[in-house]
Every structure is written in C-alpha cells, then in structure tokens.
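Descriptive structure summary
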Amino acid sequence: MNYQYKRVNRQRTCLICGKPDWCSYTPDGKTSFCARIINNADRVSRTGWGVYYHEQSLFGNSPIPCPSNPPTKKVELAPIEIRNFAYRKLIEFSPASNFPPIVDGHKGLRNRRILNFEDFGGLPPAFCERQKLAKLIRSSVNLQFPEFVRKFQSSLSRIPGFWLDTNGKYQLWTESNYSSPLMVIPYRNGQGMIQACQLRAMSENQNEIRYFWLSTPRKSGGISCGSPLHFVRPMTNFSAFSKPILVTEGALKSETLQIFYPDFNVVALGGIASSHFDFIKAARFFPLFTAFDNDYSENPQVLRQLARFINARLKDANTHQYKPNLKLLSWSYRFKGIDDALLNNHSISELSICQWLSRLNQSNRNEFIEFME
C-alpha cells in the first residue's frame, strides 16, 4: 500500500510533542509519527520515529511504514542535578521580575494569581542578552560540576535550550531577536528539581504560537527535553500522599489550578497526548481528577487522546488491583481551559465518567465509546 503523509504545521501541531515542525501524520489523523518523543509509543521505527496509533484496531499486525529522515542518534540528557542547577541559575540571573510583561501583562503571572514570581524566569528578547546569560550559566556550572565538564568537554552539554555556535561557544535559545520577552516556566519532577523549561511568548500577536519547549534539538550540540511531567508540589513528604491528584495540561495552568485547589496535588502533562505512561504510574493508587482543555468537544483527535488516557487509568487499576477512583472536572464551553473558567468565577463540576459522557453530544459520545472499546 502506498501511504501518504502530511507534515505538521502551526495550525495542526503534532499530537505527541505539540510542535509545529519535523513530525508527520496520516491524512486521516489516525497515526502520528513523532520525530522528538518515543516514550509510550506503540512502536519505534528502525530509524527512530515514535509511532502512535490513535485507533489501534485499524492496523492489526501490519505496521505503517514511517516517513524518512528522522533523527538517528540518541543522546542522553544531562543528569537531573545539572539541569536543575543550570535552570535555577537561569531564573536567578534573569528573573521574571525583570520583565513587566511577564509579571503584569494581560496574560502575566499576576493576572493568573501567581505571586511567587521568584520561581519563574524571563528570556530577554535580544540575542546578545541571551549570549551573556549563557556565558554566566556556563561559568556557574563549570565551578559546580568540574567532573562533568571534564567528561564532556563542556558544562552545558546535553542541557536542553543550549547549543554550540560555529565559534564553539554555547548559546541560549535561538539567534532571533523578539519584540517581547519570553516567560521561562520550570517543569519540576516529584522531588522539586527542574528537569526542563517551557517558554511562553508574551507578545499580543494572536497568530503566534504561545508555548514551546526550551530546547533546540536541531542546533549543533542541542538536545530535546521530551515532554516531562510537572509537579507543582514535591511528592516527598508524608502529607502529599494523603491528597488526591489533579491533572491538567501545561505547567503554567497547573500553578493557577493549585491556588484554587490547595487540597490537591496538581500535576501537569505537556499536552493531552504526552507522558500517559509516566503519569499513570505516578498517580497509581491516588484518587484522580482530570482538568483537560475543552477542545475535545470540537477536535476528535483530542477526544481520542482523552479516551486513551482514561483507558490507561482503568487498565492500570485493573492490573494493580485498586479502584480507578476517577472524576472529570467540567466547566462552561465558553472557556477552553479550566484556569480561564476559575479566573472568571465560573462554577466547576465534578463528574463521574458516566455523568461526563451524558453531557457529550451523540457524535462525540459514540466516538469516545468506540475508541474505549
């Protein structure tokens, strides 16, 4: 069979990594080929693509061939201790408080009721300023981790967001100059260490992509950060294990959500399609509430990913012999994200799966049930 492929773009980003380039999908949208992420893939091609079947029953034992020219060389990330140190230095040297649009802009931290400004950073819009930051961070890591530097001949090797220019100097982010700063949003693991960062564009241009990972895998010496989980609170003290888990999309949204739901442990996925296995394992045995965006009502691919997520929870509960204890938070379709609904004082409902299904239109209900089966 002669398969045709479509390249992702800004209007139709990859359902796995959320990026608008590199990746591909079949014209019917039922298979994604991710050039960046292989975690939880249905299979990995011999050339390194992560292949994700959104409708398993369609393919039987005949896997679809992959597009050509994927990344071929696997490079491991720097140890978490080094990434955490480098990103903390980035926030220390260039804090969010230095950039009024990040703190007080229309979509800034204050308007999201996030007041711990010191936990967020900002990338200057000028490339020359980011050059200075890269130099400062490199010097700090050199002093703190001399053995790592000796082993890899560079302190910033394998840290997403940094790359080597033609003069052999490490740079931060891209060579571009921007009209406004970029918010630096840390993604912390269960121990509170920063494992990766996401960026948010603070310009008012509605046509621009808002969120992207602080990683430059196509640059010399660059590497992808993948799509990690973000834990708003460390899961390292006893009291954390007595609270239910509330999962949403995006670390920034999860920070606002934690303010409104202090009796929950809020965790964020990079996107609805990413890191299901890692999250389901982390949330095992905990009561679970979901707060994914409302675009599942208009996008069947998103609805299928939501079904895939719920199915994974139910199967894990059956395998490990615990009650699924799963509820879905629901709010007005006027608001895509739960953070906007909360900030506009709209009510949030807690629904069982059956109650939530009853609120879907017939077409979406049938689509969801069919995929679950």
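The structure contained in this document is the topic of the report that follows. (Residues numbered from 1 in each chain as written. Predicted model: local features only at pLDDT ≥ 70, side-chain atom pairs only at ≥ 80, totals over all residues. Heavy atoms only, no water.)

Strand β9 (residues 182-188) sits mainly inside the fold: seven of its seven residues count as buried. Neither face of β9 is open: one carries L182, V184, P186 and R188, the other M183, I185 and Y187, and all of them are buried. The sheet contact formed by strand β6 (residues 121-123) and β9 spans three bridges and is antiparallel. Bridged to L123 within β9 is L182. Relative to strand β10 (residues 194-201), β9 runs antiparallel, the two sharing seven bridges. In the sheet register, Y187 faces β10, and the bridge partner there is A196. Counted along the chain from β9 to the antiparallel partner β10, the turn is five residues long, and its residue G192 has a positive phi close to 85°. (Buried < 20%, exposed > 50% of the residue type's maximum accessible area, 1.4 Å probe, protein only. Helix = DSSP H or I, 4+ residues; strand = E, 2+ residues; numbered from the N terminus. Pairing = 2+ DSSP bridges.)

Now for the packing of aromatic side chains. One pass over the full model with this rule turns up 13 aromatic pairs. In this structure an aromatic cluster arises from ring pairing among Y296, Y333, W356 and F368. The ring of W22 has R36 sitting right over it, with the charged end atom 4.7 Å from the ring centre. Positioned above the aromatic ring of W163 is the side chain of K219, whose terminal nitrogen or guanidinium carbon lies 4.5 Å from the ring centre. (Phe/Tyr/Trp six-rings, centres within 6.5 Å; stacked < 30°, edge-to-face > 60°. Lys NZ or Arg CZ within 6 Å of the ring centre and 35° of its normal.)

With that out of the way, let us pick up the nonpolar core. Membership of the largest hydrophobic core comes to 29 residues, with the highest contact counts inside it found for I245, F279, F309 and W356. Where this core is concerned, the elements lending two or more residues are β13 (245-249), β14 (265-269), α6 (276-282), α7 (300-320), β16 (326-330), α9 (353-359) and α10 (362-372). Looking at this core element by element, the count peaks at six residues for α7. Excluding anything up to four places from it in sequence, F309 contacts V247, L269, H276, F279, I280, L288, T290 and F292. One finds L133, F162, Y170 and L182 within the second-largest nonpolar core, a separate group that totals 28 residues. (Core = buried A, V, L, I, M, F, W, Y, C linked by side-chain atoms within 4.5 Å. Contact = heavy atoms within 4.5 Å.)

Within the secondary structure, N364 sits in helix α10. Its relative accessible area of 11% is what places N364 among the buried residues. Ignoring anything within four residues of it in the chain, the contact list for N364 reads Y296, S297 and L303. Here S297 takes part through its backbone oxygen, which lies 3.1 Å from a polar atom of the side chain of N364. (Polar contact = N/O pair within 3.5 Å; in protein donor to acceptor, adjacent residues only side chain to side chain.)

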